Amino acid sequence: MLSIQDVLDYCDLDPGEIAAVAEHEHLPTMLAAELSEMLLSTPDGVFQLHSMIIENMQQALEAGRYEHVQELAKTYEHLQRTHPLPRH
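Please read these numbers as outputs of a predicted model, since none were measured by experiment.

Chemist: So what about the packing of helix α4 (residues 43–62) against helix α5 (residues 66–82)? Which residues, and what values?
Modeler: Packed helix pairs are characterised by how far apart their axes lie and by the angle those axes make with each other. At their nearest, the axes of α4 and α5 sit 8 Å apart, and the two run at 165° to each other. The angle between α4 and α5 places the two elements in the roughly antiparallel class. For the pair α4 and α5, the crossing hand works out as left-handed. Here Leu49, His50, Ile53, Ile54, Asn56, Met57, Ala60 and Leu61 of α4 lie close against α5, whose contacting residues are Tyr66, His68, Val69, Leu72, Ala73, Thr75, Tyr76, Leu79 and Gln80. In terms of residue class, the contact of α4 with α5 is built from 12 nonpolar, five polar and no charged.

Structure below.
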């Protein structure tokens, strides 16, 4: 049986990015990791990943969760470096 760490190690996103997908989609971490890997396989999926984190930041800002906004901003910066938005 795979542990959550095994799945995270296999995934091409870091734990913060997977956590952001889990938050956005209201999924357990394991399912969010699987969804993330699937989304990384297409340009539209990469765009969706970017959108998810931006939407999380907007919701956190509206809720006054400024520390979480900062965490998500760092997560988004990492995503931009490792999986930039595709050019059409």
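What follows continues from the structure just given.
Chemist: So what's going on with the nonpolar core? Which residues, and what values?
Modeler: Among the nonpolar cores identified, the biggest contains 20 residues, and Leu13, Ile18, Leu49, Ile53 and Leu79 are the most heavily contacted of them. Looking at this core, the elements that each hand over two or more residues are α2 (15–25), α3 (29–39), α4 and α5. No other element matches the six residues that α4 contributes to this core. What Leu49 contacts, discounting residues up to four positions off in sequence, is Leu13, Val21, Ser36, Leu39, Leu40 and Leu79.

Chemist: Lay out the packing of α2 against α4 in plain terms, naming residues and giving numbers.
Modeler: Where α2 meets α4, the closest approach of the two axes is 9 Å, and the angle between their N-to-C directions is 70°. Regarding the angle of α2 to α4, the classification is roughly perpendicular. The segment α2 lies against α4, with Ala20, Val21, Glu23, His24 and Glu25 engaging Leu49, Met52, Ile53, Glu55 and Asn56.

Chemist: How would you summarise α3 if you had to cite specific residues and measurements?
Modeler: Those residues of α3 that fall on the buried side of the exposure criterion are Ala32, Ala33, Ser36 and Leu39. All buried residues of α3 fall inside an arc of 125° around its axis, so they share one side.

Parameters and conventions
Residues numbered from 1 in each chain as written. Predicted model: local features only at pLDDT ≥ 70, side-chain atom pairs only at ≥ 80, totals over all residues. Heavy atoms only, no water. Axes fitted to C-alpha atoms, helices over the stretch in contact; angles between N-to-C directions. Helix = DSSP H or I, 4+ residues; strand = E, 2+ residues; numbered from the N terminus. Parallel < 35°, antiparallel > 145°, perpendicular 65-115°, else oblique. Left-handed = near helix turned anticlockwise from the far one by under 90°. Contact = heavy atoms within 4.5 Å. Nonpolar A, V, L, I, M, F, W, Y, C, P; charged D, E, K, R; others polar. Core = buried A, V, L, I, M, F, W, Y, C linked by side-chain atoms within 4.5 Å. Buried < 20%, exposed > 50% of the residue type's maximum accessible area, 1.4 Å probe, protein only. Arc of directions from axis to C-beta.

It is worth stressing that arrangement in space is one thing and function is another; only the former is reported here.
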